[in-house]
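Coordinate inspection notes
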Amino acid sequence: MNKKEEINKIHADFVSRLEKHYGSFNSVSNKFESTSNSKIARDLFYSDSQFSRLINNTASEGELKRAIRNVQRLLDVHELRQKETDSGAVSSKSIFSRKTLIWISGLLLLALIISLFYPKKAIDTIKSENITEQSRYDMLQWGFENNYIKPYVKLKELPEDCYYPCYKYQGKWKLKNEYKIPFFRERNGFHYVAKEAVMYARCMDERSDRGESFEGYEYQKHEIWYDKMEVPLDSFLTKDINSKLKSSYIQSNFEKDSNFVKIAFVHTFFKTEFKIDSSQIFRSGKAIGRDIEFVSLELLEKQSLSSEILNELRRETNSIAKNILEDFSKPITCNPSTAPNIDFNQIEKGDELSFDCQFSAGRFLVDYTKSYVFEDQYISTNCR
């Protein structure tokens, strides 16, 4: 059997398994009788373009084999649910609880898929109601840590020569240290503080680049602060030709300074691509979803701020969200990070990626460093 015949056989197996769940397949239109291809793509956690390659048999052999495993997991879940429904040993209350959990999980998955594959439709919203960041992070966590579909490349899927550098970078990364950036506005006194970030990294196996690319889906929780003294932005910069943030500003703690007031939380969904080039890791990306959660008026009123000032702060924060942070969403400018180890097989939990980046604050270019630390590695053993 030649290579083409082998791939055709794998594709036929893929379609056959789908037919068990979605009904007969029309090979002329490449569609199923009961469900649209878009719906099936969502069920399998694929984008429309990815599923189109699979169903039209233009995907690689590796993609088809992984897709078969995903379909089988879907069939297994369906079978388990059917057994629970048919079983008389399970109480109606517990059945209701399980069905409710499955329904909620489905909603979370749908919300995550929309975020991942429809970034142009992601709308930056500004909200004052009390919405916890946990509900946002849970969607991302569930997408990568659920029991049925793991979006990572597995050890057994690696090539025979084991050259697939990204496999050791897969897993959960977290922001190592917070960083601050003063905003350039007509009115002084606004500062951006990056507090937390959790990123799930996976190999971009849809690319035929020998595993030299991986992508990260990142939830960020940041803050906007107001300085009552309204100290000018350039007061925080050195007087060098290439202005940098003063170490005193970098090391300052707004929480302990009564002149600073936290006025809002910024929740962001960020997509990043990483390119491995020998000893260097290149980073590029952009925000594809964001909202602003204002600190409650009750807390702000305790900061000795007048109603007039509070209204002005809210207007300024809205303006920052719509304009300044929009600029912050554009493809980032960062210098490459040195790889934690020149031998990618030795990358391990606790390693760091550190990127020196720039943010445009009016006529100033503000430098800042974003460092990730590897918290949970998906593949800890070495490919042999």
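Keep in mind it's a predicted model, so treat the numbers as computed, not measured. (Residues numbered from 1 in each chain as written. Predicted model: local features only at pLDDT ≥ 70, side-chain atom pairs only at ≥ 80, totals over all residues. Heavy atoms only, no water.)

**Considering the overall build of the chain**
The criterion, for reference: Secondary structure elements follow DSSP: runs of H or I of four or more residues count as helices, runs of E of two or more count as strands, with numbering from the N terminus. Only protein chains enter the area calculation, which uses a 1.4 Å probe; residues under 20% of their type maximum are buried, those over 50% are exposed, and those in between are partly exposed. Only heavy atoms enter the contact rule, under which two residues are in contact if any of them lie within 4.5 Å. We get accessible surface area from the Shrake-Rupley algorithm with a probe of 1.4 Å; when it comes to residues, only the shown protein chains can shield them.
Looking only at helices and strands, the chain features nine helices and 13 strands. The proportion of buried residues among the 384 residues of the chain is 45%. At a minimum sequence separation of 6, the contacts of the chain that also span at least 24 residues come to 71%. Looking at the chain as shown, the accessible area adds up to about 20,100 Å², and 50% of this sits on carbon and sulfur atoms.

**Re the state of the cysteines**
For the record, the criterion: Our working definition of a disulfide is a cysteine sulfur pair at a distance within 2.5 Å.
Going through the model one piece at a time under the given rule, you end up with three disulfides. Each sulfur in the disulfide pair Cys166 and Cys203 lies 2.1 Å from the other. One disulfide, between Cys166 and Cys203, carries an S-S torsion of 115° and so falls in the right-handed class. You can see Cys166 sitting in the loop between α6 (133-145) and β4 (171-175) and its partner Cys203 sitting in strand β6 (residues 190-203), a full 37 residues away along the chain.

**Some thoughts on the pairing of strand β5 (residues 179-182)**
The cut-off we apply is this: Here a strand pair is declared whenever DSSP counts at least two bridges between the two strands.
The side-chain alternation of β5 yields two buried faces, one formed by Tyr179 and Ile181 and the other by Lys180 and Pro182. In this structure, β5 lies alongside β6, joined through four bridges in antiparallel fashion. What sits directly across from Tyr179, in β6, is Ala194.

**Some remarks on the side chain of Gln170**
Threshold: Here a polar contact means two N or O atoms within 3.5 Å. Within protein one must be a hydrogen donor candidate and the other an acceptor candidate, and residues neighboring in sequence count only if both atoms are side-chain atoms.
Tracing the sequence through the fold places Gln170 in the loop between α6 and β4. Polar contacts involving the side chain of Gln170 include one to the main-chain amide nitrogen of Cys203, which spans 3.1 Å. Ignoring any residue separated from it by four or fewer positions in sequence, one finds Gln170 in contact with Tyr152, Val153, Ala201, Arg202, Cys203, Phe374, Asp376, Gln377, Tyr378 and Ile379.

**Quick notes on the environment of His11**
Note that His11 resides in helix α1 (residues 3-22). Residue His11 is classed as buried on the basis of its relative accessible area of 12%. Sequence-wise, His11 and Ile68 are 57 residues apart; in three dimensions their C-alpha atoms are separated by 8.7 Å. When sequence neighbours within four positions are dropped, the list of residues in contact with His11 reads Leu54, Ile55, Asn56, Asn57 and Leu64. Within the structure, the side chain of His11 is placed 3.3 Å from the backbone oxygen of Leu54, a separation counted as a polar contact.

**Notes on α1**
Just so we agree on the cut-off: To estimate how far a helix should extend, the number of its residues minus one is multiplied by 1.5 Å. Summarising the geometry, the arc corresponds to the directions from the helix axis toward the C-beta atoms.
Between its first and last C-alpha atoms α1 spans 28 Å; for 20 residues at 1.5 Å apiece the expected length is 28 Å, and the two agree. For α1, every residue scored as buried is listed here: Ile7, Ile10, His11, Phe14, Val15, Leu18 and Tyr22. What you see down the axis of α1 is that its buried residues fit within an arc of 135°, all on one side. For α1, the exposed residues set more than 90 degrees away from the buried face come down to Lys9 and Lys20. Note on α1: the residue one or two positions beyond its end, Gly23, has a positive phi of about 90°.

**Some details on the packing of aromatic side chains**
The criterion, for reference: Each Phe, Tyr or Trp ring, with Trp reduced to its six-membered ring, pairs with another whose centre is within 6.5 Å; inter-plane angles below 30 degrees give stacked pairs, above 60 give edge-to-face pairs, and intermediate values give tilted ones. Whether a charge lies above a ring is judged from NZ of Lys or CZ of Arg, which has to be within 6 Å of the ring centre and within 35 degrees of the ring normal.
Enumeration according to the criterion identifies 24 aromatic pairs in this entry. Put simply, the rings of Tyr169, Trp173, Phe214, Phe274, Phe355, Tyr372 and Phe374 pair up and form one aromatic cluster. Its end group placed over the ring of Phe355, Arg283 keeps NZ or CZ at 5.7 Å from the ring centre. Across the ring face of Phe294, the terminal group of Arg314 is positioned such that the distance to the ring centre comes to 4.2 Å.

**A look at empty space enclosed by the protein**
As a reminder, the rule being used: A 1.4 Å probe that fits but cannot get out identifies a cavity on a 1 Å grid over protein atoms alone, an open set with protein on both sides within 12 Å along at least five of seven lines counts as a pocket, and a residue lines either if it has an atom within 4 Å of a point. Grid points are joined across faces, edges and corners, and a volume is the space filled by probe spheres set on the points. Side-chain classes are defined by residue name, with Ala, Val, Leu, Ile, Met, Phe, Trp, Tyr, Cys and Pro counting as nonpolar, Asp, Glu, Lys and Arg as charged, and the others, Gly among them, as polar.
One pass over the structure, following the stated rule, counts two cavities of 30 Å³ or more. Ile263, Phe294, Leu297, Leu300, Leu310, Leu313 and Arg314 together form the lining of the second largest cavity. Those elements that provide at least two residues to the lining of the second largest cavity are α8 (297-301) and α9 (307-328). At three residues, the largest contribution of residues to the lining of the second largest cavity is made by α9. Within the lining of the second largest cavity, the residues separate by chemical class into six nonpolar, no polar and one charged.

**With respect to the pattern of salt bridges**
Our working definition: We count a salt bridge whenever a side-chain nitrogen from Lys or Arg sits within 4 Å of a carboxyl oxygen from Asp or Glu.
Taken as a whole, this structure holds 24 salt bridges when the rule is applied. Here Glu157 makes a salt bridge to Arg66, at a shortest N to O gap of 3.8 Å. One end of the pair, Glu157, is in the loop between α6 and β4; the other, Arg66, is in helix α4 (residues 61-86), and 91 residues separate them in sequence. Ionic pairing is found between Glu352 and Lys176, a salt bridge with its closest N-O pair at 2.9 Å. Highlighted residues: Glu352 in strand β12 (residues 352-361) and Lys176 in the loop between β4 and β5, separated in sequence by 176 residues. Classification of Lys176 by relative accessible area gives partly exposed; the value is 41%.

**Some thoughts on helix α3 (residues 48-55)**
Listing the buried residues of α3 in full gives Gln50, Phe51, Leu54 and Ile55. One side of α3 holds all its buried residues, which, seen down the axis, span an arc of 125°. In the stretch just after α3, Asn57 is the one whose phi turns positive, near 60°.

**Considering the nonpolar core**
Worth spelling out the cut-off: Buried Ala, Val, Leu, Ile, Met, Phe, Trp, Tyr and Cys residues form a nonpolar core when they are joined through side-chain atoms within 4.5 Å.
Core analysis: the biggest nonpolar cluster contains 65 residues, and Tyr169, Phe214, Ile224, Ile263 and Ile281 have the highest contact counts within it. Considering every element that reaches this core, the biggest residue donor is strand β8 (residues 260-277), with nine residues. Beyond its immediate stretch of four places on either side in the chain, Ile263 contacts Phe190, Ile224, Tyr226, Phe294, Val295, Leu300, Leu313 and Thr317. Of all hydrophobic cores here, the second largest spans 22 residues; its members include Phe25, Tyr46, Ile55 and Ile68.

These figures come from the coordinates and say nothing about function on their own.
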